[in-house]
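# Secondary and tertiary structure notes
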Amino acid sequence: MSLNFREWVETHKLFLFYVLIIILIIIFDQWTKSLIIKNVMLYEVLPVNSFINITHQENAGAAFSILSNAGGWQRWFLSVLAICISVYIAFWLFRLRNQDQIILSIGLSLVLGGAIGNVIDRIQLGYVIDYIQVLIMGWPFPTFNIADASITVGAVILIIDALFFSKNSVSK
């Protein structure tokens with residue numbers, strides 16, 4: 001029995017919501033990065049308040065600039081790794097489309113949107129644009145972007161889901 005488009009949309013509302021989250025993260029991430037490239041000089045620091053700066057940095061490495069001085073091979077290694085993980089998460093999310101695992105799916109959507117946002121930079125530019133700098137007691141935390149924040153929030157949600165909501169969690 002085949003479904004028409006309207007019935008398919010009706011039966012996949014939550015999945016389409018997750019896809020919308022992913023798309024919005026990618027768009028917002030890329031838009032903010034383009035604003036930074038156009039309006040903030042490389043390494044310029046613009047204080048927002050006493051604990052947040054807007055800056056413009058190019059991160060050729062992974063989180064916390066790990067591998068940033070590795071000679072260039074890391075661009076393609078990190079890109080392929082991110083693409084493989086993104087494909088895995090996309091399939092996982094698709095498999096969850098008819099299951100009642102909303103928290104898990106939102107966490108996966110946030111991680112996927114952030115991963116795609118950063119891999120776009122890495123492939124196009126050879127590095128990721130970072131621009132949000134948080135100062136902790138005057139010391140700068142590693143600069144990050146919307147994609148990084150999305151991945152981090154998504155990972156926290158995945159941990160919360162695993163500990164408290166997952167059907168496979170250990171009963172206490």
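I will try to describe carefully the structure that is included in this document.

A few words on the pattern of salt bridges. Counted according to the given criterion, the structure contains two salt bridges. For K33, the salt bridge goes to D29, with nearest N and O atoms at 2.8 Å. Here the residue K33 and the residue D29 both occupy positions in helix α2 (residues 13-39), the gap between them amounting to four residues, near one helical turn. For D29, a relative accessible area of 0% translates into the label buried.

Attention shifts here to the sheet that holds strand β2 (residues 52-59). Pairing is antiparallel in the open sheet, where four strands are placed in the order β1-β2-β3-β4. Both edges of this open sheet fall to β1 (45-47) and β4 (139-140), since each of them pairs with a single strand only. Bridging between β2 and strand β3 (residues 128-136) involves six bridges; their strand directions are antiparallel. Each bridged residue has a counterpart across the sheet, and for N53 the counterpart in β3 is Q133. Together, β2 and β3 form the strand contacts of helix α4 (residues 102-125), whose direction differs from that of β3 by roughly 125 degrees.

This part takes up the nonpolar core. Residues I21, I22, I89, L93 and L108 are the most contacted members of the largest nonpolar core, which totals 13 residues. Elements that contribute at least two residues to this core include exactly α2, α3 (73-95) and α4. Once you skip the residues sitting within four places of it in the chain, L93 turns out to touch F15, Y18, I22, S105, L108 and S109.

Once that is clear, we can look at α4. The end-to-end C-alpha distance of α4 is 34 Å, a good match for the 34 Å that 24 residues give at a rise of 1.5 Å each. Of the residues flanking the end of α4, it is G126, one or two places downstream, whose phi is positive at about 90 degrees.

The rules behind the values
Residues numbered from 1 in each chain as written. Predicted model: local features only at pLDDT ≥ 70, side-chain atom pairs only at ≥ 80, totals over all residues. Heavy atoms only, no water. Salt bridge = Lys/Arg side-chain N within 4 Å of Asp/Glu carboxyl O. Helix = DSSP H or I, 4+ residues; strand = E, 2+ residues; numbered from the N terminus. Buried < 20%, exposed > 50% of the residue type's maximum accessible area, 1.4 Å probe, protein only. Pairing = 2+ DSSP bridges. Contact = heavy atoms within 4.5 Å. Axes fitted to C-alpha atoms, helices over the stretch in contact; angles between N-to-C directions. Core = buried A, V, L, I, M, F, W, Y, C linked by side-chain atoms within 4.5 Å. Expected span 1.5 Å × (residues − 1).

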